[in-house]
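Okay, here's what each chain looks like letter by letter:
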Amino acid sequence: MNLKGRSFLTLKDYNANEIEYLLDLAADLKRKKKQGITGNSLKGKNIALIFEKPSTRTRAAFTVACIDEGGHPEYLGKDDIQLGHKESIEDTARVLGRIFDGIEFRGFKQEYVEKLAEYSGVPVWNGLTDLYHPTQILADFLTLKEHFDKLKGLNLVYVGDGRNNMANSLMIGSAKMGINFTILAPKSLWPGQDFIDLCKNYALDSGSRIELSDCLDSVVGADAIYTDVWCSMGEEELAAERIRLLKPYQVNANLLSRTKKSSTIFMHCLPAVKGNEVTEEVFEQFADLIFDQAENRMHTIKAVMVATLGI
Ligand code: CP
Ligand code: NVA
């Protein structure tokens, strides 16, 4: 599989075989790292890490993954560079493309990460935008594979803000990989019909089911329940309304018991607001798995950089 030179902006651009390849590569890099073996695939490569929004996992994962493979990461925070103050995204892209070999971008507009890819001429990786969080999905799917030994046919229910970057990316990824995917959310937080249709179309190829529900009984049979914060970065002023809307959708012991399956796991991309989207009790019950997910950010992000830029 040759992904050299490709950007990683949204899972829409990757087919099931390519996603599977990245997951296998990540598992292999993880195995090696546990044995103390790192690589030289990014030797001599300079990587820009642009962050308009804060980050713990994504920043740490890109930094360590890059250094593990012999590359040099450079953090460019929103207040450190001219982007958004004095300089357009197109000009920033053309400058960074002359100096760096690869660019990670976390920020607000999906259009920005796409423009960076278009104008820089080097691979660009989406570290989260308002619309998508594709590297997180690779970590989630690696974690699911480690736990269930498969993806196809699993039942994944995402509970919470059904139209945020996590819900969107999980829906695309699940539809492509044959995971049955349900969004459990009040109707006002469902994604738009065009997006649902697009994912249902991907699901035709993989044989997965894509469903939307506002009824808690839709968790029956879930292999995994997934949630995310009720208010994403940049939406802080919506907090009161979101709490009102989503309170009935908290992941707690009662919701877990409604799956009627003792093997159901709970997942969270983190950071978590315990007491809102998940209780402390459920979070701690699944803490090992949740922190596997967090660790897997590093191995999967390494796989993306090695596959698209590595030598
Ligand atoms: N899950 C995730 O992207 O975490 P950070 O915001 O800490 O990077
Ligand atoms: N939906 C969350 C994801 C954080 C990793 C946000 O955008 O803030």
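Residues numbered from 1 in each chain as written. Chains lettered and ligands numbered in written order. Predicted model: local features only at pLDDT ≥ 70, side-chain atom pairs only at ≥ 80, totals over all residues. Heavy atoms only, no water.

1. Overview of the overall build of the protein
Here is step 1 of the chain: A count of helices and strands for the protein gives eleven helices and nine strands.
Here is step 2 of the chain: Its C-alpha radius of gyration of 19 Å places the protein within 12% of the 19 Å reference for a compact globule of 311 residues.
Here is step 3 of the chain: Along the longest, intermediate and shortest principal axes, the C-alpha atoms of the protein span 55 × 45 × 35 Å.
Here is step 4 of the chain: By residue count, 58% of the 311 residues in the protein fall in the buried class. (Helix = DSSP H or I, 4+ residues; strand = E, 2+ residues; numbered from the N terminus. Rg over C-alpha atoms; globule rule 2.2 N^0.38 Å. Buried < 20%, exposed > 50% of the residue type's maximum accessible area, 1.4 Å probe, protein only.)

2. Topic: the nonpolar core
When a protein is soluble and globular, its nonpolar side chains tend to lie buried together.
Here is step 1 of the chain: Residues Phe 141, Leu 144, Leu 170, Ile 225 and Met 305 are the most contacted members of the largest nonpolar core, which totals 84 residues.
Here is step 2 of the chain: Looking at which element gives the most residues to this core, the answer is helix α11 (residues 287-309), with eleven residues.
Here is step 3 of the chain: Residue contacts for Leu 144: discarding those within four places in its chain leaves Asp 149, Lys 150, Leu 151, Leu 154, Ile 179, Ala 224, Ile 265 and Met 267.
Here is step 4 of the chain: Grouped together as the second largest cluster of nonpolar side chains are 18 residues, Ile 50, Phe 100, Phe 105 and Leu 116 included. (Core = buried A, V, L, I, M, F, W, Y, C linked by side-chain atoms within 4.5 Å. Contact = heavy atoms within 4.5 Å.)

3. Notes on the pairing of strand β6 (residues 180-184)
Here is step 1 of the chain: Burial analysis of β6 places five of its five residues in the buried class, which makes it a mostly covered element.
Here is step 2 of the chain: Along β6, one buried face is formed by Asn 180, Thr 182 and Leu 184 and the opposite face, lined by Phe 181 and Ile 183, is buried too.
Here is step 3 of the chain: Of the strand pairs in this sheet, strand β5 (residues 155-159) and β6 are connected by five bridges, and their pairing is parallel. Paired with Asn 155 across the bridge in β6 is Asn 180.
Here is step 4 of the chain: Regarding topology, helix α6 (residues 165-177) serves as the crossover connection from β5 to the parallel β6, and that connection is right-handed.
Here is step 5 of the chain: Here four bridges tie β6 to strand β7 (residues 210-213), and the two strands are oriented parallel to one another. Residue pairing in the sheet places Ile 183 in a bridge with Leu 212 of β7. (Pairing = 2+ DSSP bridges. Right-handed = clockwise from strand over helix to strand, strands pointing away.)

4. Concerning the site of ligand 2
Here is step 1 of the chain: Near ligand 2, the surroundings consist of Leu 128, His 133, Asn 164, Asn 165, Asp 228, Val 229, Ser 232, Met 233 and Leu 270.
Here is step 2 of the chain: At 2.8 Å from a nitrogen atom of ligand 2 is found a side-chain nitrogen or oxygen belonging to Asn 165.
Here is step 3 of the chain: Backbone polar atom of Met 233 to an oxygen atom of ligand 2: 2.8 Å apart, as the coordinates give it.
Here is step 4 of the chain: Look at ligand 2: alone it shows 270 Å² of surface, and the protein chains cover 95% of it.
Here is step 5 of the chain: A breakdown of the residues in the shell around ligand 2 according to their chemical character gives four nonpolar, four polar and one charged. (Near = heavy atom within 4 Å. Polar contact = N/O pair within 3.5 Å; in protein donor to acceptor, adjacent residues only side chain to side chain. Areas by Shrake-Rupley, 256 points an atom, 1.4 Å probe, with all protein chains shown as cover. Nonpolar A, V, L, I, M, F, W, Y, C, P; charged D, E, K, R; others polar.)

5. Comments concerning helix α8 (residues 239-246)
In an α-helix, one turn spans 3.6 residues; hence positions three or four apart end up facing the same way.
Here is step 1 of the chain: Along α8, the positions that sit buried rather than exposed are Arg 242, Leu 245 and Leu 246. Taken around the axis of α8, the buried residues stretch over an arc of 80 degrees, which confines them to a single face. Turned more than 90 degrees from where α8 packs its buried face, Ala 240 and Arg 244 sit exposed. (Arc of directions from axis to C-beta.)

6. Comments concerning the site of ligand 1
Here is step 1 of the chain: Taken together, Ser 55, Thr 56, Arg 57, Thr 58, Arg 106, His 133, Gln 136, Cys 269, Leu 270 and Arg 297 form the complete shell of residues around ligand 1.
Here is step 2 of the chain: One of the side-chain nitrogen or oxygen atoms of Arg 57 is found 2.8 Å away from an oxygen atom of ligand 1.
Here is step 3 of the chain: The contact in question runs from an oxygen atom of ligand 1 to an N or O atom on the side chain of Arg 106, over 2.8 Å.
Here is step 4 of the chain: Relative to its free-state accessible area of 250 Å², ligand 1 is covered by the protein chains to the extent of 96%.
Here is step 5 of the chain: Of the residues contributing to the shell around ligand 1, the split by class is two nonpolar, five polar and three charged.

7. A few points about the packing of α6 against helix α7 (residues 193-206)
Here is step 1 of the chain: One way to put it is that α6 packs onto α7 with a least axis distance of 6 Å and a crossing angle of 25 degrees. Our classification of the angle between α6 and α7 gives roughly parallel. On α7, the residues touching Asn 168, Met 171, Ile 172, Ala 175, Lys 176 and Met 177 of α6 are Phe 195, Ile 196, Cys 199, Tyr 202, Ala 203 and Ser 206.
Here is step 2 of the chain: Classifying every residue of the contact of α6 with α7 by side-chain character gives nine nonpolar, two polar and one charged. (Axes fitted to C-alpha atoms, helices over the stretch in contact; angles between N-to-C directions. Parallel < 35°, antiparallel > 145°, perpendicular 65-115°, else oblique.)

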